[in-house]
Every structure is written in structure tokens, then in C-alpha cells.
Amino acid sequence: MINPRLTALPPYPFQRLATLLDGVAPGADPLMLSLGEPQHPTPPLVGAELARHADLWRRYPPAAGAPRWKEAVVAWMTRRYALPEGMVDPAQVIPASGTREALYMMGHLLVDGTVTASGGNRVPLAIMPDPFYLPYLGASAMNGAEILTIPAGPETDFQPDIAALPDEVLDRAAVVFMCSPGNPQGSLLSLDQWKALVTLAREREFVLVADECYSEIYDAEAPSGVLEACRDLGGSLKNVLVANSLSKRSNAAGLRSGFIAGDPDLIAAFLRIRAYGAAGMPLPIQEASAALWEDEDHVIANRILYREKIDAAEKHLSGHLGFRRPPGGFFLWLDTTEWGETGEEATLRLWRDRGLKVLPGVYMSAHPEDPNNPCRHRLRIALLHDTLVVDRAMDRLIASEK
Ligand SMILES: Cc1ncc(COP(=O)(O)O)c(C=O)c1O
């Protein structure tokens with residue numbers, strides 16, 4: 001009765017975590033470091049804009065986005081990535097009710113689900129890093145793609161080395177997902193790496209999906225984006241789609257507000273799918289989102305607070321557990337080898353003995369059961385609470401050393 005491809009998807013990380021900790025009482029007042037849900041207050045302008053545009057709730061939203069919203073996003077991109085005026089047309093930007101749903105749906109857009117592995121045919125590949133944000137594989141796998149995950153470990157600065165893949169693999173690729181800053185490791189792709197990826201996508205005829213949802217949360221330098229690479233390569237967005245979101249940038253995960261921009265042909269085709277299956281972003285939310293994209297002050301303040309939290313973590317963890325200051329994002333990607341435990345064992349112990357809820361790194365892998373998976377000795381820790389709370393949590397974490 002139920003599509004067997006659904007059963008074959010890896011369990012979602014937070015469901016696995018709930019199962020792991022089911023019935024285990026926390027050993028101290030619980031501190032949540034597992035979910036990547038921003039805790040800084042949402043800018044008050046959101047409430048004001050929603051109230052101001054309350055008359056728009058009665059209207060079905062246009063799937064392509066309202067003009068003010070589109071212009072605000074294009075203006076933000078143009079400023080943020082120093083793009084020439086007019087490089088991105090507002091028609092090339094569409095809203096997503098949170099980028100998760102759009103990233104999930106990419107597989108419907110990009111994978112030819114009619115190709116089966118019979119008669120010598122080879123099914124299309126959907127390529128993504130490992131570990132990664134699991135929705136990337138969602139519709140690709142549901143649509144019959146073969147999922148190819150590329151290790152993103154310390155050897156390659158925690159980003160997958162797509163350029164090293166043989167041509168015959170890249171020629172089978174329908175889509176390559178990249179994430180910079182990466183979740184969970186926080187590594188950045190350089191402008192040169194983005195340029196190489198865009199060039200490869202065009203040569204080998206796959207679509208490059210750039211997930212840049214953490215682009216505004218960074219330590220020393222603003223991460224490069226795929227749009228800058230397109231700019232330097234002549235301005236075309238051919239074979240490229242980029243996703244970004246207000247969830248992290250503006251502490252507005254509950255607003256469910258992001259965008260997809262890119263290749264006009266792909267955007268037009270995506271709109272066709274979305275006419276069937278997407279909710280559309282309510283117009284008052286588009287208005288509030290436009291106001292957020294227009295404002296940079298709250299984003300700067302946000303970044304300063306995240307840096308303070310990372311400073312607090314560094315103070316406690318420097319030299320331990322493979323601590324590495326993440327260049328982007330707000331996660332730590334710790335190595336539990338020195339504890340002689342897997343990430344799962346450490347997660348259970350930290351909850352039971354210390355009341356710290358963290359995420360086993362292997363839950364973000366497509367191969368959680370593989371005994372040689374390097375993510376088995378990883379923990380993902382989200383630094384989101386007030387700096388004082390982060391300080392207390394890191395103190396507890398390190399005091400828990402066996
Ligand atoms: C890497 C990555 N991409 C995309 C998203 C989706 O965010 P949203 O649906 O809130 O825009 C998340 C959320 O946690 C994420 O971690």
C-alpha cells in the first residue's frame with residue numbers, strides 16, 4: 001500500500017534521537033543542543049509587517065512570489081554578492097515555505113524517474129555530501145535516483161571533492177547538492193571551488209543545487225556564494241539553483257520563509273511542479289520577509305552573538321574532541337574518539353549523566369549502519385542559547401570526560 005521507496009529512506013535524525021533517548025531521564029536540568037533552531041528573538045518588524053498586511057491573509061498567494069518580495073530578494077543578492085544590476089531577474093526568484101520543502105522537491109524536478117535499471121540502463125545519480133541535510137535525498141530517492149554520497153571529512157576540509165569524481169560518474173549525475181557553510185561541519189566553499197563546480201555542471205550537464213542557508217552566520221569572512229561564481233563566469237545562471245532562508249539569518253524558523261533562485265528554465269519548470277504540490281507563501285509572510293531581507297542590522301547583531309558562543313565553546317573545548325572553530329554556521333562537529341565511545345554512546349551518556357541533548361553525527365549520514373562510517377565518532381552540537389548557557393553546557397560537556 002505504501003511506496004516502498006519511502007520505507008527505504010534513512011530515518012529522520014530527530015526521530016532516531018527520540019528513539020535513542022526514549023525512557024532515559026536527563027541527569028541534570030536539560031540543555032538542548034541537538035536541534036538547529038535559532039533562539040535569538042525574531043526582529044519585531046515581523047510582527048508589525050504581519051499586522052500591517054493582515055488584509056492579505058484572505059488571498060491565495062501567487063506561487064511565483066509577489067513583486068515587493070521578489071525585488072527585496074534580488075536587491076539583497078545584488079548587495080550581498082556584488083552582482084551587476086540586472087544579473088538576476090525577479091522572475092528567476094521564487095518563494096519556498098522554508099527551503100526544506102523546496103530542497104526535498106528538487107528530486108521531482110531534476111531526476112528522470114522513468115529511467116529504470118533494466119536493459120543495461122543506468123538510473124540517474126543524485127550526488128550529495130556525507131554527512132548532509134537529509135531532505136536532499138528525499139524526492140530524488142522517492143523518484144528512483146541512485147543516491148551517491150561523497151565523504152566530507154577532514155581530508156577534504158569537510159566538503160566533498162566533486163571535481164575528483166570520474167567523468168563517467170558525473171555524466172550520470174542529474175543533480176549535485178552542495179552546502180556552504182556546511183551543515184554540520186561549517187566548512188566554506190571558496191569562490192574558486194564554486195566556479196569549478198558551476199563549470200563542471202555545465203560541462204557534464206547536471207544541475208548544481210547550492211544550499212546557502214547558513215550564509216549569514218560566519219566567523220571571520222563572509223562565505224562566497226554560487227551567484228558570485230556565476231557572475232565571474234559571465235552572469236548566466238544556467239544549470240544552477242541556489243537556496244537561502246530567513247530561518248537562520250533572521251531567527252525566523254517559524255515563518256517558513258526562503259527562496260530558490262537560478263536558471264530561468266529550471267525555475268519555470270519548478271513553478272509547474274509547485275502549482276500542483278506547493279502551499280505557496282502567504283502574502284503577509286512575503287511582506288514580512290521582504291522587510292527582513294531589506295534589513296541588515298539584525299543580521300549583524302546576530303552574527304556577533306554567534307561569535308560569542310563559539311568563543312565560549314572554544315574556551316572549554318580547545319585541544320579536545322577535535323574542536324575546530326567552524327568558519328560558518330553555528331554547529332560544532334566533535335570527534336568522540338578520545339572518549340573511546342561512538343557518537344551514539346556519548347549522546348546517551350551525556351543525556352543520562354549530564355542532561356545535555358546532542359545529536360549523533362551518524363544520524364546525518366546516508367549510511368548510519370556502516371561500521372566504518374567516520375561519522376560514527378562524531379557529535380553535532382548546536383550553539384544557540386545565550387552565551388552564559390553555552391558556557392555552562394560546554395563546561396558540563398568537558399567535565400563529563402571519562
Ligand atoms: C543545511 C540546511 N539547509 C536547509 C535547511 C532548511 O531550512 P528552512 O526550511 O528553515 O529554510 C536547513 C534547516 O535546518 C539546513 O540545516
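Basis of the calculations
- Residues numbered from 1 in each chain as written.
- Predicted model: local features only at pLDDT ≥ 70, side-chain atom pairs only at ≥ 80, totals over all residues.
- Heavy atoms only, no water.
- Helix = DSSP H or I, 4+ residues; strand = E, 2+ residues; numbered from the N terminus.
- Buried < 20%, exposed > 50% of the residue type's maximum accessible area, 1.4 Å probe, protein only.
- Contact = heavy atoms within 4.5 Å.
- Areas by Shrake-Rupley, 256 points an atom, 1.4 Å probe, with all protein chains shown as cover.
- Lys, Arg positive; Asp, Glu negative; His and termini not counted.
- Charge placed at Lys NZ, Arg CZ, Asp CG, Glu CD.
- Salt bridge = Lys/Arg side-chain N within 4 Å of Asp/Glu carboxyl O.
- Near = heavy atom within 4 Å.
- Polar contact = N/O pair within 3.5 Å; in protein donor to acceptor, adjacent residues only side chain to side chain.
- Nonpolar A, V, L, I, M, F, W, Y, C, P; charged D, E, K, R; others polar.
- Pairing = 2+ DSSP bridges.
- Axes fitted to C-alpha atoms, helices over the stretch in contact; angles between N-to-C directions.
- Right-handed = clockwise from strand over helix to strand, strands pointing away.
- Core = buried A, V, L, I, M, F, W, Y, C linked by side-chain atoms within 4.5 Å.
- Expected span 1.5 Å × (residues − 1).
- Arc of directions from axis to C-beta.

Asker: I keep staring at the overall build of the protein chain and nothing clicks. Help me out?
Answerer: When helices and strands are tallied, the protein chain shows 15 helices and twelve strands. Considering only C-alpha atoms, the protein chain reaches an extent of 60 × 55 × 45 Å along its principal axes. Relative to its 402 residues, the protein chain shows a buried fraction of 55%. Taking contacts inside the protein chain between residues at least 6 apart in sequence as the whole, the part at least 24 apart equals 75%. About 16500 Å² of surface is accessible on the protein chain, with carbon and sulfur atoms providing 54% of the total. Taking the average location of the 38 positive side-chain charges in the protein chain and that of its 50 negative ones, the two points are 4 Å from each other.

Asker: Help me out: how do you make sense of the pattern of salt bridges in this one?
Answerer: Two side chains bearing opposite charge may form a pair once their charged atoms approach each other closely. Across all of its chains, the model carries 24 salt bridges by this definition. Two residues, Arg 16 and Glu 344, come together in a salt bridge whose shortest N-O distance is 3.9 Å. Highlighted residues: Arg 16 in helix α2 (residues 13–21) and Glu 344 in helix α14 (residues 343–354), separated in sequence by 328 residues. Its relative accessible area of 17% is what places Arg 16 among the buried residues. Assessed through its relative accessible area of 28%, Glu 344 is described here as partly exposed. The shortest N-O distance in the salt bridge between Arg 68 and Glu 287 comes to 2.7 Å. Here Glu 287 lies in helix α12 (residues 283–294) and Arg 68 lies in helix α4 (residues 67–80), a separation of 219 residues in the sequence. Residue classification places Glu 287 among the buried residues on the basis of a relative accessible area of 14%.

Asker: Help me understand the site of the ligand in this model?
Answerer: With respect to spatial proximity, 15 residues lie near the ligand, and among them Asp 211, Tyr 214, Ser 245, Ser 247 and Arg 256 are the closest. Measuring from an oxygen atom of the ligand, one finds a backbone N or O atom of Thr 99 at 2.8 Å. For the ligand, the accessible surface in isolation is 390 Å², of which the surrounding protein chains cover 92%. Tallying contributions element by element places helix α5 (residues 99–110) first for the shell around the ligand, with three residues. Counted by class, the shell around the ligand contains six nonpolar, five polar and four charged residues.

Asker: Explain the pairing of strand β12 (residues 378–382) here, please?
Answerer: On a regular strand, one side chain projects to one face of the sheet and the next to the other, so that they alternate. Counting buried positions over the five residues of β12 gives five, a clear majority of the element. Of the two faces of β12, the one holding Arg 378, Arg 380 and Ala 382 and the one holding Leu 379 and Ile 381 are both buried throughout. Strand direction decides the pairing type here: strand β11 (residues 359–360) and β12, joined by two bridges, are antiparallel. By the bridge assignment, Leu 359 is partnered in β12 with Arg 380.

Asker: I keep staring at the sheet that holds β11 and nothing clicks. Help me out?
Answerer: The strands making up a sheet are joined through hydrogen bonds of the backbone, oriented either antiparallel or parallel. A sheet is described by the order of its strands in space; here three strands give the open sequence β9-β12-β11, paired in antiparallel fashion. With one partner strand each, in any of the chains shown, β9 (331–335) and β11 form the two edges of the open sheet. Here β9 runs beside β12; their pairing, made up of five bridges, is antiparallel. Note that in β12 the partner of Phe 331 across the bridge is Ala 382.

Asker: Even after reading the chapter, I still don't get the sheet that holds strand β3 (residues 125–130), so can you show me in this structure?
Answerer: Spatially, the seven strands line up as an open sheet ordered β2-β8-β7-β6-β5-β3-β4, and their pairing is mixed. The open sheet terminates on both sides in strands that have one partner only, identified here as β2 (93–96) and β4 (146–151). The sheet shows a mean angle of 20° between the axes of neighbouring strands, taken without regard to direction. Packing against the sheet, α4 makes contact with β2, β7 (240–245) and β8 (258–262), and its axis sits at approximately 110° to β2.

Asker: It is not clear to me how the side chain of Gln 92 should be interpreted in this structure. Could you clarify?
Answerer: Note that Gln 92 resides in the loop between α4 and β2. The class of Gln 92 is buried, set by a relative accessible area of 10%. In this structure, Gln 92 is in contact with Met 87, Leu 237, Ile 260, Ala 261, Gly 262, Pro 264 and Ile 267, ignoring residues within four places of it in sequence.

Asker: Explanation requested: the pairing of strand β5 (residues 173–179) in the structure shown.
Answerer: Among the seven residues of β5, seven are classified as buried, and the element is accordingly described as predominantly covered. Pairing of β3 with β5 involves three bridges; the strand directions are parallel. Bridge pairing links Ile 127 to Val 176 in β5. Looking at chain direction, β5 and strand β6 (residues 207–211) are connected through five bridges and run parallel. Following the sheet pairing, Met 178 is matched in β6 by Ala 210. Taken together, β5, helix α8 (residues 191–204) and β6 constitute a β-α-β crossover, and its handedness is right-handed.

Asker: Explain the nonpolar core here, please?
Answerer: Nonpolar side chains tend to gather and get buried jointly when the protein is soluble and globular. Core analysis: the largest hydrophobic core is formed by 48 residues, its most contacted members being Met 77, Val 93, Ile 162, Trp 194, Leu 208 and Phe 259. The greatest single-element share of this core, amounting to six residues, is contributed by α4. Of all hydrophobic cores here, the second largest spans 30 residues; its members include Ala 102, Leu 137, Leu 241 and Ile 267.

Asker: Please explain α8 as it appears in this structure.
Answerer: Between its first and last C-alpha atoms α8 spans 20 Å; for 14 residues at 1.5 Å apiece the expected length is 20 Å, and the two agree. Trp 194, Leu 197, Val 198, Leu 200 and Ala 201 are the residues of α8 that are buried. Taken end-on, α8 shows its buried residues confined to a sector of 160°, consistent with a single buried face. Counted as exposed and oriented over 90 degrees from the buried face of α8: Asp 192 and Glu 203. Along its buried surface, α8 packs onto α7 (167–170), β5, β6, α9 (226–232) and β7. Glu 205, located one to two residues past α8, shows a positive phi value of around 60°.

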